[in-house]
Amino acid sequence: MTHVETAESTTNGLSSVEAAARLAVHGPNTVAAPPPRSVLRRVGRQLADPLVALLLAAGLVTAILGDLPDTLIIVLVVVVNTVIGVVQEVRADAAVAALDQLAAPAARVVRDGNDQIVPAAGLVPGDLVRLEAGDIVPADVELTDVQQAAFDESSLTGESVPVRLTVGDAAGGGTVLTSGRAAGTVVRTGADSALGRIADLVAGTRPGPTPLQRRLTALGRMLGLTAVGVSAVVFGFGLLAGRPVMQMAITAVSLVVAAVPESLPAVVTLALALGARRMARTKAIPRRLHAVETLGSVTVIASDKTGTLTENRMSVQQAVTADGTRYSIGGSGYAPEGTVTGADGEPVAPPAGLLALARAGSLCNDAGLIAPDGDRPQWAAAGDPMEAALLVFAARCGLDIDAERTAAPRVAEQPFEQFSRRMTTVHRLPDGRHLLVCKGAPESVLDPVTDAGLLSTAAQLAAEGLRVLAVSTAVTAGILDLDAVPPLRPAGLVAIGDPLRASARDTAAAFEQAGVRLLVITGDHPGTAAAIGRRLGVLGPGEQVVCGDQGPLTGAEIGQVRVFARTQPEQKLDIIAALQHRGEVVAMTGDGVNDAPALRRADIGVAVGSGTEVARQAADLVLVDDNLATVTAAIGEGRRIYDNIRRFLRYALSGGAAELIVMLAGPLLGMPLALLPAQLLWINLLTHGVPGVALGAEPAEADVLRRPPRSPHESVLGTGLLRSVLVGAGLLAGVTLAAGVTASRLGLPWQSVMFLVLGLAQLGVALAVRATAQPAAARNWSLPVAVVVCAFLQVAGVLVAPLRHLLGTASLSATTLLACFAAATLPGLLLWAGRRAHPAGR
């Protein structure tokens, strides 16, 4: 057990020097990760594949029979496929590990007397940690300050009901602060923490395959069974033609392996993992691989405006005192410097009423401001950005926030709740009396009769797209009972602006073009929501904003409405469920603890990076830059990955089916064994390996974001892909058989001609199915390089003596070689021309 050192003041936290020293002693605050698979285990996984095992069995048979050429070819195929599979698996694991680093949680601590945001891995025993609703407790913490704090301990105990904790209680690492706020001292970190001990028990668990991977695995099994059936027919034809039993057995086994794309699972895994890493480069971090494939199917994005559509740089732009006087507040970001101007636009000294409003807003407040330092060139918010904006407002009015909070310490509070839409605090004044401050939604704080003028002003400010808070106060002689507060007097209104991102309207238009409907779901005033909807272009003339506080939402409303205001967290679940019932694939953005259920319910939960830790952990995708435009790029990446998987299937299945057709039709055309086992395996080695992997790196099609999303229930061979595979297989087999028949009639080595034409034609198909023309910088140059190298090796199979001996081929003249090249280009050219004429069936 790690004990807390108490060399430092618990109010000022540790010094940076002491924290670094303790980190060196106790190590990082991380739980045990699953040990990486060894190379031998990775090789074993590759060799355990049923098709590879079948190939090894064939190799054993050929070795026993003394068939050295076929044995060598089989061993070479196994080695190359295993190396490619292991390399792909290592690269995929590295990509996922890099994403885990990017998505690492952070914690708010006090060091050197100041609030700081540090990676949770850097916490040490003795650190003073501050927690707000929605935070995940980053280590085992002994609570030193608790304000109506309730913790969800289900991650440790399985009990789903939140537990109230008090000063002196221990909050275990991994639990969630669901309401209230708290602070405490770290007592155990890493493997010594409660979460660390549980993690040790499950350290060996790994995520299972994604839905797409499972579907493709099932497809592989079906293709394998089909190939086995066809191979059995080829085996029977060979015996009837008088071929040796063992030769036909090896041929049948080789045909099974050559006809089925056994590298498909590895290609898919690599495509998903590397696609996830590419998303991370655009500031979208997938926390689960299934998010990568599902993004391509999204039809609806339900977004809260704050941060994703706006810049998340909240600032008080307008303030209205109790007498109705309006003031404009100027400044940049969270910097405390700024100006106060009156209705005439001239700077004014803040009057008493404005100072009282600013002071109340800074007291009924849990946020803090972080000064610039070497790593952060600008002022930043610690805590809720809206509350930080109130602190900046107070500073721009000339108040010393620390001095105000010291002069009026908080003695009681009622944290913000979605139901009441307000927060209340009690402060002890220097003269012994108590100040009660209440802030929240105007309709929740102000009296509809006596404060009608302020409510009307609040509606006007909301219609301008500003978020409006009302502040009321009361002074009493004794400590207040927060369940029965006395009448409050309004201190005024603050109107907080969070400007739309410059790209927000273009982002909304891009979603429309991609067939994705954007919904705005916010807890703001309907006037604010309507103004934002109009600026985005999603709310047209005559269209209504639906308010969640006006009764239950109906399915018809949800299906038609684009903007929702005053929405409760549970109503977000209703909206998602209704959309999913209509067959929509829903992506939901959120940032708060109350958004976590909706993020889990959505097909894709999208958390903003500046939101609560519990929201990030519940999400499938984290937006590091909080910009919804990043989701557009992520959707394009998801569609690109799916296109490339279908592209690989079109290429590999066409070749495999062509081999089956050639082996079946050959005996009917007077060629009892169209291709030898070694020749089949050589073609498989060259076509299914490196070129297949290179196809997974193809760039996005030019129209990737200008076409409707695919249905998640669509077969992977749907929308014309199966037809394209059959057409491709027919062209490959037809050209190969025609070349063989012609060579046979001319007295040429027809088997070698068919071997050369089939291999080169398959490589030509790889070029024919690649993405349409792209700028030079975006092109995938690895594919033509792979095709050229493999084509050279294919030709070497009939020119190089050792390879001829190994493969059982014969030397071909220059004229025959040119004829083979010409014939081999036909399938690729015809497929390319057909694709240009009918660009469907990706």
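Treat the numbers as computed from the prediction; the structure is a model and nothing was measured.

About the thresholds
Residues numbered from 1 in each chain as written. Predicted model: local features only at pLDDT ≥ 70, side-chain atom pairs only at ≥ 80, totals over all residues. Heavy atoms only, no water. Helix = DSSP H or I, 4+ residues; strand = E, 2+ residues; numbered from the N terminus. Expected span 1.5 Å × (residues − 1). Buried < 20%, exposed > 50% of the residue type's maximum accessible area, 1.4 Å probe, protein only. Salt bridge = Lys/Arg side-chain N within 4 Å of Asp/Glu carboxyl O. Pairing = 2+ DSSP bridges. Phe/Tyr/Trp six-rings, centres within 6.5 Å; stacked < 30°, edge-to-face > 60°. Lys NZ or Arg CZ within 6 Å of the ring centre and 35° of its normal. Patch = residues over 30% accessible without salt bridge, like charges linked within 9 Å, V, L, I, M, F, W, Y side chains within 5 Å. Areas by Shrake-Rupley, 256 points an atom, 1.4 Å probe, with all protein chains shown as cover. Axes fitted to C-alpha atoms, helices over the stretch in contact; angles between N-to-C directions. Contact = heavy atoms within 4.5 Å. pLDDT = per-residue confidence, 0-100.

Take helix 22 (residues 629-665) next. Taking 1.5 Å of rise per residue, 37 residues should cover 54 Å, and helix 22 covers 54 Å from first to last C-alpha, within 8% of that figure. With respect to burial, helix 22 is a largely interior element, 32 of its 37 residues being buried.

This structure, assessed with the given rule, holds 23 salt bridges. The shortest N-O distance in the salt bridge between lysine 439 and glutamate 387 comes to 2.7 Å. Of this pair, lysine 439 sits in strand 17 (residues 434-440) while glutamate 387 sits in helix 12 (residues 385-396), and the two are 52 residues apart along the sequence. Each member of the pair, lysine 439 together with glutamate 387, is buried. Salt bridges here are not isolated pairs; linked through shared partners, they connect Asp145, Arg181, Asp366, Arg410 and Glu413.

For residues that are not glycine, phi is negative in most cases, and the peptide bond is trans in most cases. With phi around 55 degrees, aspartate 112 is a residue other than glycine that occupies positive phi space. Residue classification places aspartate 112 among the partly exposed positions, given a relative accessible area of 42%. Of note in the backbone geometry, lysine 283 takes a positive phi value of approximately 75 degrees without being a glycine. By secondary structure assignment, the location of lysine 283 is in the loop between helix 9 (264-281) and strand 8 (284-286). Lysine 283 sits in the partly exposed class, given a relative accessible area of 43%.

Quick look at the pairing of strand 23 (residues 586-590) now. On a regular strand, one side chain projects to one face of the sheet and the next to the other, so that they alternate. Summarising burial for strand 23: five of the five residues are buried, a large majority. Of the two faces of strand 23, the one holding Val586, Met588 and Gly590 and the one holding Ala587 and Thr589 are both buried throughout. Bridge count for strand 9 (residues 300-303) against strand 23 is three bridges, and the pairing is parallel. Paired with alanine 302 across the bridge in strand 23 is methionine 588. As defined by bridge partners, strand 23 adjoins strand 24 (residues 604-608) across four bridges and the pair is classed as parallel. Bridging across to strand 24, threonine 589 finds its partner in valine 606.

Attention shifts here to the packing of aromatic side chains. On inspection of all chains with the given rule, the structure shows zero aromatic pairs. When the ring centre of tyrosine 642 is taken as origin, the NZ or CZ atom of arginine 710, which lies over that ring, is 3.6 Å away.

A separate point is a nonpolar patch on the surface. On the surface, Val233, Phe237, Leu240, Leu668 and Leu669 cluster together to form a nonpolar patch covering roughly 520 Å² of accessible area. Its location among the elements puts phenylalanine 237 in helix 7 (residues 211-240). You can call phenylalanine 237 partly exposed: its relative accessible area is 30%.

Glancing now at the sheet that holds strand 17. Taking strand neighbours across the sheet as the criterion, the eight strands line up as 12-11-10-19-18-17-16-15 in an open arrangement whose pairing is antiparallel. Bordering the open sheet on either side are strand 12 (338-341) and strand 15 (410-417), each of which pairs with just one other strand. Sheet twist, expressed as the average angle between the axes of neighbouring strands with direction ignored, equals 20 degrees. Sheet topology places strand 10 (residues 315-321) next to strand 11 (residues 326-331); three bridges connect them, and they run antiparallel. Residue pairing across strands places valine 320 opposite arginine 326, the latter belonging to strand 11. Along the sheet face, helix 12 touches strand 10, strand 11, strand 12, strand 16 (422-428), strand 17, strand 18 (467-476) and strand 19 (489-497) and points at about 65 degrees away from the line of strand 10.

Across the protein, the average pLDDT comes to 82, with 85% of residues at 70 or higher. For the protein, helix 6 (residues 194-201) is the element with the lowest average pLDDT, namely 58, and helix 11 (residues 352-363) is the one with the highest, namely 96. Note that pLDDT drops below 50 for residues 1-9; the model gives that stretch 22 contacts with residues more than four away or on any other chain. For residues 200-207, every residue scores under 50 in pLDDT, and the model assigns this stretch eleven contacts once sequence neighbours within four places are set aside.

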